[in-house]
There are 4 protein chains.
Amino acid sequence: MLKHEIFGESHGPAIGVVLTGVPAGLVLDMEFIQSELTRRAPGTSAMSTARREADTPRILSGVFEGKTTGAPLCAVIENTDTRSKDYGKIKDLPRPSHGDFTGFVASGGCNDYRGGGHFSGRLTAPLVFAGAVAKLLLRPRGVTITALIQRAAGIETPTPGQLEEAVLAARAQEDSVGGILRGTVSGLPAGLGAPDFGENAEGIFAQYLFAVPAVKGISFGAGFGLADMRGSEANDPFYLDGGRVKTATNHSGGINGGITNGMDVVFDVVIRPTPSISKPQRTVNLRTMEETELVVEGRHDPCILHRALPVIEGAAALAVCRLMNL
Amino acid sequence: MLKHEIFGESHGPAIGVVLTGVPAGLVLDMEFIQSELTRRAPGTSAMSTARREADTPRILSGVFEGKTTGAPLCAVIENTDTRSKDYGKIKDLPRPSHGDFTGFVASGGCNDYRGGGHFSGRLTAPLVFAGAVAKLLLRPRGVTITALIQRAAGIETPTPGQLEEAVLAARAQEDSVGGILRGTVSGLPAGLGAPDFGENAEGIFAQYLFAVPAVKGISFGAGFGLADMRGSEANDPFYLDGGRVKTATNHSGGINGGITNGMDVVFDVVIRPTPSISKPQRTVNLRTMEETELVVEGRHDPCILHRALPVIEGAAALAVCRLMNL
Amino acid sequence: MLKHEIFGESHGPAIGVVLTGVPAGLVLDMEFIQSELTRRAPGTSAMSTARREADTPRILSGVFEGKTTGAPLCAVIENTDTRSKDYGKIKDLPRPSHGDFTGFVASGGCNDYRGGGHFSGRLTAPLVFAGAVAKLLLRPRGVTITALIQRAAGIETPTPGQLEEAVLAARAQEDSVGGILRGTVSGLPAGLGAPDFGENAEGIFAQYLFAVPAVKGISFGAGFGLADMRGSEANDPFYLDGGRVKTATNHSGGINGGITNGMDVVFDVVIRPTPSISKPQRTVNLRTMEETELVVEGRHDPCILHRALPVIEGAAALAVCRLMNL
Amino acid sequence: MLKHEIFGESHGPAIGVVLTGVPAGLVLDMEFIQSELTRRAPGTSAMSTARREADTPRILSGVFEGKTTGAPLCAVIENTDTRSKDYGKIKDLPRPSHGDFTGFVASGGCNDYRGGGHFSGRLTAPLVFAGAVAKLLLRPRGVTITALIQRAAGIETPTPGQLEEAVLAARAQEDSVGGILRGTVSGLPAGLGAPDFGENAEGIFAQYLFAVPAVKGISFGAGFGLADMRGSEANDPFYLDGGRVKTATNHSGGINGGITNGMDVVFDVVIRPTPSISKPQRTVNLRTMEETELVVEGRHDPCILHRALPVIEGAAALAVCRLMNL
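This section reports on the structure supplied with the text.

Calculation criteria
Residues numbered from 1 in each chain as written. Chains lettered and ligands numbered in written order. Predicted model: local features only at pLDDT ≥ 70, side-chain atom pairs only at ≥ 80, totals over all residues. Heavy atoms only, no water. Helix = DSSP H or I, 4+ residues; strand = E, 2+ residues; numbered from the N terminus. Rg over C-alpha atoms; globule rule 2.2 N^0.38 Å. Buried < 20%, exposed > 50% of the residue type's maximum accessible area, 1.4 Å probe, protein only. Contact = heavy atoms within 4.5 Å. Areas by Shrake-Rupley, 256 points an atom, 1.4 Å probe, with all protein chains shown as cover. Lys, Arg positive; Asp, Glu negative; His and termini not counted. Charge placed at Lys NZ, Arg CZ, Asp CG, Glu CD. Salt bridge = Lys/Arg side-chain N within 4 Å of Asp/Glu carboxyl O. Buried area = accessible area lost by both parts, 1.4 Å probe. Polar contact = N/O pair within 3.5 Å; in protein donor to acceptor, adjacent residues only side chain to side chain. Phe/Tyr/Trp six-rings, centres within 6.5 Å; stacked < 30°, edge-to-face > 60°. Lys NZ or Arg CZ within 6 Å of the ring centre and 35° of its normal. Least-squares fit on C-alpha atoms with pLDDT ≥ 70 in both. Expected span 1.5 Å × (residues − 1). Pairing = 2+ DSSP bridges. Axes fitted to C-alpha atoms, helices over the stretch in contact; angles between N-to-C directions. Core = buried A, V, L, I, M, F, W, Y, C linked by side-chain atoms within 4.5 Å. Nonpolar A, V, L, I, M, F, W, Y, C, P; charged D, E, K, R; others polar. Parallel < 35°, antiparallel > 145°, perpendicular 65-115°, else oblique. Left-handed = near helix turned anticlockwise from the far one by under 90°.

Let's shift gears to the overall build of chain A. Counting its secondary structure elements, chain A contains eight helices and 17 strands. For 326 residues, the compact-globule estimate of 2.2 N^0.38 gives 20 Å, and chain A sits close to it at 21 Å. Projected onto the principal axes, the alpha-carbon positions of chain A cover approximately 65 × 55 × 40 Å. Within chain A, buried positions represent 63% of all 326 residues. Within chain A, counting contacts between residues at least 6 apart in sequence, those at least 24 apart form 72% of the total. Carbon and sulfur atoms form 51% of the exposed surface of chain A, whose accessible area is close to 10700 Å². The averaged location of the 34 negative side-chain charges in chain A is 3 Å from the averaged location of its 31 positive side-chain charges.

Counted by the stated rule, this structure contains 76 salt bridges over all chains. Linking C:Glu156 and C:Arg151 is a salt bridge whose minimum nitrogen-to-oxygen distance equals 2.6 Å. Where C:Lys279 meets C:Asp175, a salt bridge forms, and the shortest distance between an N and an O atom there is 3.4 Å. In this pair, C:Lys279 is assigned in the loop between strand 15 (265–271) and strand 16 (281–285) and C:Asp175 in the loop between helix 5 (160–172) and strand 9 (179–186), connecting sequence segments 104 residues apart. For C:Asp175, a relative accessible area of 4% puts it in the buried group. One network of salt bridges, in which partners are shared, links A:Glu36, A:Arg39, A:Lys135 and A:Glu313.

Below, the discussion takes up the interface of chain C and chain B. The interface is formed by 33 residues belonging to chain C together with 33 residues belonging to chain B. Summing both sides of the interface, chain C and chain B together bury roughly 2500 Å²; the carbon and sulfur share of this comes to 65%. Contact with chain B buries surface across chain C, with C:Leu60, C:Phe64 and C:Cys110 losing the most and accounting together for 23% of the total. One can count two salt bridges joining chain C with chain B. The salt bridge involving B:Arg58 is made with C:Glu78; its shortest N-O contact spans 3.0 Å. The tally of links between chain C and chain B comes to four residue pairs in polar contact (both at pLDDT 80 or more). Among the elements that take part in the side of chain C that touches chain B, strand 1 (residues 3–8) of chain C stands out by supplying four residues, more than any other.

Turning to helix 6 (residues 201–210) of chain D, a few remarks are in order. Since the α-helix packs 3.6 residues into each turn, any two residues three or four apart lie on the same face. Within helix 6 of chain D, ten of the ten residues are buried, leaving the element largely enclosed by the surrounding structure. What helix 6 of chain D keeps buried is the set D:Ala201, D:Glu202, D:Gly203, D:Ile204, D:Phe205, D:Ala206, D:Gln207, D:Tyr208, D:Leu209 and D:Phe210.

So, on to the packing of aromatic side chains. The full count for this structure, using the stated rule, is 30 aromatic pairs over all chains. Ring centres of B:Phe64 and C:Tyr113 lie 5.4 Å apart, and the angle between their planes is 85°; this geometry places the pair in the edge-to-face category. With B:Phe64 in strand 4 (residues 63–64) and C:Tyr113 in the loop between helix 3 (100–106) and helix 4 (124–138), this pair bridges two chains. Ring geometry for B:Phe205 versus B:Phe220: centroids 6.2 Å apart, planes at 65°, classification edge-to-face. A residue pair is termed long-range when its members are at least 10 positions apart, and B:Phe205 in helix 6 (residues 201–210) and B:Phe220 in strand 10 (residues 215–220) qualify at 15 residues. Look at B:Phe205 and you get buried, because its relative accessible area is 0%. By the ring-pair criterion, three or more aromatic residues cluster together here, those being A:Phe205, A:Phe220, A:Phe267 and B:Phe210. Here A:Arg139 stacks its cationic end above the ring of A:Phe32, 4.9 Å away from the centre of that ring.

Before going further, it helps to examine the relation of the copies chain B and chain A. After a rotation of 180° and a shift along the axis of 0.0 Å, chain B superposes on chain A with an RMSD of 0.0 Å. Interpreted geometrically, this transformation is the action of a two-fold axis. A symmetric contact is evident, with 100% of the interface residues of chain B recurring at the interface of chain A.

As a further point, take the relation of the copies chain C and chain B. Each copy superposes on the other: chain C lies on chain B with an RMSD of 0.0 Å after a rotation of 180° and an axial shift of 0.0 Å. Looking at chain C, 100% of its interface residues are interface residues in chain B too, so the copies touch through the same face.

The next subject is helix 4 (residues 124–138) of chain A. When the terminal C-alpha atoms of helix 4 of chain A are compared, their 20 Å separation across 15 residues agrees well with the 21 Å that a helix rising 1.5 Å per residue should span. The element helix 4 of chain A is largely enclosed, with a buried count of 15 among its 15 residues.

This part covers the sheet that holds strand 3 (residues 58–59) of chain B. Residue and element names in this part refer to chain B. With respect to topology, four strands assemble into an open sheet ordered 1-2-6-3, the strand pairing being antiparallel. With partners counted over all chains shown, the strands left at the sheet margins are strand 1 (3–8) and strand 3, one partner each. Where strand 2 (residues 14–20) and strand 6 (residues 73–78) come together, six bridges link them in antiparallel fashion. What sits directly across from Leu19, in strand 6, is Leu73. Packing against the sheet, helix 4 (residues 124–138) makes contact with strand 1, strand 2, strand 3 and strand 6, and its axis sits at approximately 30° to strand 2.

Another aspect to go through is the nonpolar core. Ranked by size, the top nonpolar core spans 144 residues in total, and within it C:Phe205 and D:Phe205 carry the most contacts. In this structure, C:Phe205 is in contact with C:Val185, C:Ile218, C:Phe220, C:Ile255, C:Val265, C:Ala316, C:Ala319, C:Val320 and C:Leu323, ignoring residues within four places of it in sequence. Grouped together as the second largest cluster of nonpolar side chains are 141 residues, A:Phe129, A:Val215, B:Ile204 and B:Phe210 included.

The next point concerns unusual backbone geometry. Even without glycine at this site, A:Ala153 takes up a positive phi of about 50°. By the element assignment, A:Ala153 lies in the loop between strand 7 (144–152) and strand 8 (155–156). Residue classification places A:Ala153 among the partly exposed residues on the basis of a relative accessible area of 28%. Residue C:Met289 is not a glycine yet carries a positive backbone phi of 55°. Within the secondary structure, C:Met289 sits in the loop between strand 16 and strand 17 (290–294).

Residues and elements named next belong to chain D. Summarising the element assignment, Glu313 is placed in helix 8 (residues 305–323). At a separation of 2.9 Å, a polar atom in the side chain of Glu313 contacts the main-chain amide nitrogen of Ala147. Ignoring sequence-local partners within four residues, the contact set of Glu313 consists of Glu36, Arg39, Lys135, Ile145, Thr146 and Ala147.

Taken together, the contact between chain B and chain A spans 90 residues of the former and 90 residues of the latter. Roughly 7200 Å² of surface becomes buried between chain B and chain A when both sides are summed, with 62% attributable to carbon and sulfur atoms. Taken as a group, B:Phe197, B:Lys216 and B:Phe238 account for 12% of the area that chain B buries against chain A, more than any other trio of residues on that side. Taken together, chain B and chain A are joined by four salt bridges. Its salt-bridge partner being A:Asp228, residue B:Arg151 comes within 2.8 Å of it at the nearest N-O pair. Taken together, the residues of the side of chain B that touches chain A sort by class into 43 nonpolar, 32 polar and 15 charged. As paired elements, strand 10 (residues 215–220) of chain A and strand 10 of chain B share three bridges and run antiparallel to each other.

The next thing to look at is the environment of A:Leu26. All names here are of chain A. Topologically, Leu26 is positioned in the loop between strand 2 (14–20) and helix 1 (30–40). In the structure, Leu26 is positioned 40 residues away from Gly66 in sequence and 8.4 Å away in space, judged by C-alpha atoms. Sequence-distant contacts of Leu26, that is, excluding residues within four places in its chain, are made with Gly66, Lys67, Thr68, Val133, Leu136 and Leu137.

Residues and elements named next belong to chain C. Strand order in the open sheet formed by four strands is 1-2-6-3, with antiparallel pairing between adjacent strands. One side of each edge strand has no neighbouring strand; the edge strands of this open sheet are strand 1 and strand 3 (58–59). Relative to strand 2 (residues 14–20), strand 1 runs antiparallel, the two sharing six bridges. Opposite Glu5, over in strand 2, you have Val18 as the bridge partner.

Moving on: the packing of helix 1 (residues 30–40) of chain B against helix 4 of chain B. The geometry of a pair of packed helices is captured by two quantities: the angle between their axes and the separation between those axes. Residues and elements named next belong to chain B. At a minimum axis separation of 9 Å, helix 1 and helix 4 run at an interaxial angle of 140°. As summarised for this structure, helix 1 and helix 4 are arranged oblique, according to the angle between their axes. Seen along the crossing, helix 1 lies across helix 4 with a hand that is right-handed. Of the residues in helix 4, those in contact with Phe32, Ile33, Glu36, Leu37, Arg39 and Arg40 of helix 1 are Thr124, Ala125, Val128, Phe129, Ala132, Val133, Lys135 and Leu136. For the contact of helix 1 with helix 4, a count of residues per class yields nine nonpolar, one polar and four charged.

Printed below as a string of structure tokens:
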């Protein structure tokens, strides 16, 4: 069974991932993997941090003559463009709603605070790597996964222009924006999952997607809109389409009783606005235990929605592999 | 580590649960456990199914002289009031958005279709049992978990009278209603969880809560409302309260970077309207593979929100035990 | 994936097992399962305890119209012939080399001490049940598992007469005997397992077999005899047999590098002599903390080798299902 | 909970390990870790392969200012002294009783065959790293683990001189020798483990130790010698030593009913003779599917017993951490 273990810190020597359970014989299409990493990479638009790194993974193991061997696959991305001095001065000042404070508490003060350390969004690069491998496994099985920006800064399905305008406006005010990403998994057979804890399809997707930083909620199909529906509206009537059982609507998001029903799996995740903003914020100095004000300098994204698309797709691809017992 | 395995079918001989990893020496307060089961039990209001069962668990193992032994604890609830004849006639007609169709596909047609079989809401009784044991473990640690109806049938925080009125109106129209339950976990220390897949606090809660039938979405803190917030609104400023670091708001729902921050963990789950409604619905006969109309008879709840409260609390209690490594 | 969770105590209400991951559609051949339980059952020879119980499992879930549904399968065996008074008097006197003392320590004195409680050999009945289900899964795949008594009371491959003579001699002296059981798994394909921790075929077999009480060692192929061999003797030369690669010898016991090689998997387990003997023994009173002498009364087996055969086979069958990813 | 994932191939770019669940705040004593790696390293005696590598790990993550952070710890050892040309010519000729054949089958011919690839004994270097971290965790808890050569080439507890003589004799005949290593874990409290599958102390040790290449058997205490003992001989009588319950003998190897009893855990593992020998051997060409003769060239150890000592200790240390829930 495909498993992944991500390691690394924003300002440490390197980040990476070990994938176990990769079936042998998969042609590791590095061009595709790199294109996925590039979708996530910073520095490609006015909306992103100015940090620029090649994000070129080095394969340490598990691949031989271009194909996976079935042994653990380790990929490493070196950290090259780190400016640790940006963070020293705010070492004791946790950024509100970031992992600084909880990381400090959980580690007894031993966390690598530089750039968020292991909590950094940079750790989504190895997740994209893992997700790209999962996509390669799903490709010959006819399963595709796409994500799009469903909502951003209060705008439903914004155009690129609307999005950029809203993001630049937020940045001008030293602020950041959030939104909703919608993922769609097509080509899944009916019958994957189970109602039980640990095997439930929705629970499996959720476990992978909540491991993406900034995700604060997930729903399937009509999601929280189901709260206001009657059963007769929410239920998806069955019909026949060329001998195959389908549903006329998909308010269930392709899952009933914890098991896929053959329709597209459709899910929404809410991405909270980036917590690192330049606007002054109240915080507590964890060394002196005094209340104080924090002004984050460094380089930060006012919006991560577009960069998060391949991350969400990758996390979903890993969930699908788990569901398909790959 | 506390684990639970739920077994049984709605119309089989019995339902139950095996709990492993229960610490030895816990006084098994059966009065409390029974009171939790009674909160969930059917037949106590006009809003519920008329099915009446004592739901009295029999402890088969793991308890000696009133205390847990640390060995696996098995509790069994016999099924007594089953009317299987209600279901025979719709054996081949899956109810839209219920687990009938997916259960049929996943089992190659070998599922116990009577009353939804293993997919039945009745299986939440052993979950409540497990959750009650988890609550007993959390009680001396000062952790409490409560759930309330945040929204039902389109009404925000309805009064009991409003709720009953809305539910009876739906039932009169052979229909059902959905809603949102809000759970609050108080007394958790900061520092539980991790950002990583499998250890992430939000992912752990989600995995337990999606295993509750009818849950189609989960969010933390301000949830999907975060999509429209700016970072400066969404971020929870730190302040000092008697030497303890707290946050002035709790839009994060008590979790940052996958780790508890010491504030209440607050989550919302959306409960879809009960799929079993009497109103005629379109379906497909799985034996003859013809489109047809379904009229569900049997006994069904037009609203399960109130009965789901101890289920959601119990699932959350199990998640908390997992987080606290109990 | 097939998992089993065994519960119960020797003198509690019942013992049983929950099996999850049983594929749907398996005809549950109860006659076969009962025959396996009868092989293990006590009271069938002069060598066993006089305790007599029908050991008839009641299926609570997971089976519908004679076939498995894929939902968790719970089987329960009621305890009927319990004589708890036998044990009360030695409540505080742990039997040397039994689980009494460690069970006491691990549970902080809350263990069910009657008849060994959860540590009793009686708990192997649900293991045999689980193993029989595993055998049913393996049968259509052509995999068979057999165990035999390789050594008993110092006699290599004893005849039934030799065994009975040795056992009765031990019992006459209020003593017990040990031995070695050899298991053989035939029909396994090459390529199952991996060298890595957790996936290693030998480690998987060992984990299942050490969960059988009284097993104190396990080895594969030539086992501890390999210590005195040269590589040239120990290595199994490859040859071709009808186009299939085989080995001329099987000192490796069918496993190389943690992966099956297509030859029979052959393993030995050493079964320690039953610790419950009537002969007076030194022990410590755990309540008064004084050294004292213990005379075990109750009913005990001077030899469990023959009864352990279906247990070892069943444990190995579960291991094989795990290896085959069933 | 401490987990390790080892990756790499003998002739790939690098080998390494990711450790998750390492508690934060551990001073990572690199001098100690290096000394353990050096104990295992090749090229230090006439008995070993001439391959020489510094085996200096590079820490990529999880350590900050000399202390662990609680985040995943990745250590990588580059492969520098690889002579891949040695292996090309025997690519299709599996070495008897090595992982070549099973690795080929399990991967559908995609395995990295050079030097045994992922099956190489070289992969024990990251295992020693992981084990050394485990030892550092156990040190302040007063738990120590030592292994010694109990038997080699037919000689019981050989002196270094006897061992070297026997090994050189084997090498002169292009052969290799096996033996038995005895591990002793001191300082463990009573009460760790459980009788149940997955929690059983013996099963846990076995799972870790069988993941060490060349281990073909494991036993506890008197081990296979228990087969010929009577219960009255094998049972370990309890007595009091300064108020603490101890056993007068330790035939149980410190474990009863799957739980530690407070005495030293003592186990034996049999190490098969190294399969890579220069003496001509029968094999099958997997490409042409013809029987043929194999002469292994390359560099190989005629005896790995001494190099295996820190590996066995490290594997046992990881098992102890798992048992102690570290």
